[in-house]
Amino acid sequence: QVHLVESGGGSVQAGGSLRLACAASEFTSGNYFWAWFRHAPGKEREAVAAIRPFGGTTYYADSMKGRFTISQDNAKTTLYLQMNSLKPEDTAMYYCAAVESTLVRARTYAIWWNNENSYEHWGQGTQVTVSS
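Just so we're clear, the structure is a prediction, and the values are computed from it rather than from any experiment. (Residues numbered from 1 in each chain as written. Predicted model: local features only at pLDDT ≥ 70, side-chain atom pairs only at ≥ 80, totals over all residues. Heavy atoms only, no water.)

Caption draft 1: Spotlight on the overall build of the protein. Along its length, the protein carries one helix and 11 strands. Reading the protein from its N terminus to its C terminus gives the helix and strand order β-β-β-β-β-β-β-β-β-α-β-β. Summarising its shape, the C-alpha atoms of the protein cover approximately 45 × 25 × 25 Å along the three principal directions. Residues classed as buried in the protein amount to 42% of the 132 residues present. If you take every contact in the protein between residues at least 6 apart in sequence, the share linking residues at least 24 apart comes to 62%. Approximately 6,800 Å² of the protein is accessible, and the part contributed by carbon and sulfur atoms is 46%. Of note, the protein has its 11 positive side-chain charges centred 7 Å away from the centre of its 11 negative side-chain charges. (Helix = DSSP H or I, 4+ residues; strand = E, 2+ residues; numbered from the N terminus. Buried < 20%, exposed > 50% of the residue type's maximum accessible area, 1.4 Å probe, protein only. Contact = heavy atoms within 4.5 Å. Areas by Shrake-Rupley, 256 points an atom, 1.4 Å probe, with all protein chains shown as cover. Lys, Arg positive; Asp, Glu negative; His and termini not counted. Charge placed at Lys NZ, Arg CZ, Asp CG, Glu CD.)

Caption draft 2: Structural detail: the state of the cysteines. Taken as a whole and judged by the stated rule, the model has one disulfide. With a sulfur-sulfur separation of 1.9 Å, C22 is cross-linked through a disulfide to C96. The S-S bond linking C22 to C96 shows a torsion near 55 degrees; that makes this disulfide right-handed. In this pair, C22 sits in strand β3 (residues 18-25) while C96 sits in strand β9 (residues 92-100), placing the two residues 74 residues apart along the sequence. Under the relative-accessibility criterion, C22 is labelled buried at 0%. (Disulfide = S-S within 2.5 Å.)

Caption draft 3: Spatial organisation of the nonpolar core. In this structure, W36, L81, M83 and Y94 are the most contacted members of the largest nonpolar core, which totals 29 residues. Counting residues per element, the ones that place at least two in this core are β3, β4 (32-39), β5 (46-51), β7 (68-72), β8 (78-83), β9 and β11 (126-131). With sequence-adjacent residues up to four places away left out, M83 is seen in contact with G16, S17, L18, L20, R67, F68, Y94 and V128. A35, F37, V99 and Y109 belong to the second largest nonpolar core, which has 11 residues in total. (Core = buried A, V, L, I, M, F, W, Y, C linked by side-chain atoms within 4.5 Å.)

Caption draft 4: Structural detail: the environment of E116. Along the chain, E116 falls in the loop between α1 (103-107) and β10 (121-122). Linking E116 and W36, residues 80 residues apart in sequence, is a C-alpha distance of 9.6 Å. There is a polar contact of 3.4 Å between the side chain of E116 and the side chain of R45. (Polar contact = N/O pair within 3.5 Å; in protein donor to acceptor, adjacent residues only side chain to side chain.)

Caption draft 5: Local environment of the pairing of β5. Burial analysis of β5 places five of its six residues in the buried class, the great majority of the element. Two strands pair when backbone bridges link them, and β4 and β5 are joined in this way by five bridges, in the antiparallel orientation. Bridged to R38 within β5 is E46. Where β4 folds back on β5, the antiparallel hairpin that results is connected by six residues, among which G42 adopts a positive phi of roughly 80 degrees. Taken together, the three bridges between β5 and strand β6 (residues 58-60) define a ladder with antiparallel strand orientation. When the sheet's bridge partners are listed, A49 is paired in β6 with Y60. Counted between consecutive antiparallel strands, the loop separating β5 from β6 contains six residues, among which F54 sits at a positive phi close to 70 degrees. (Pairing = 2+ DSSP bridges.)

Put into structure tokens, the structure is as follows:
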């Protein structure tokens, strides 16, 4: 079982920045697809960004593209989300998620990366609040 713990959330003024981290444990072997999701009150949970193993190809939701950057450390045990130019609508609980990479998943990643049901492991979330 993989355990994920998010950190780095907080309150920030619009236009500010935050850097979220997701620490993973119990990665005994293999590679994982990682993703950040967020869930705001009254809204559906939505994908923010994702990263795949090996080449580290990244994917972003349109509203986050150009403002957010997903990355991981060399050991691939920590996931990051650098958030710049934050807007009030970015206010949400942010969750990291992961699923073990498989050949089939790798081949079909483009069609499932932003689907929350694709991910097996989830953190407890970290709150991000952006005020104006």
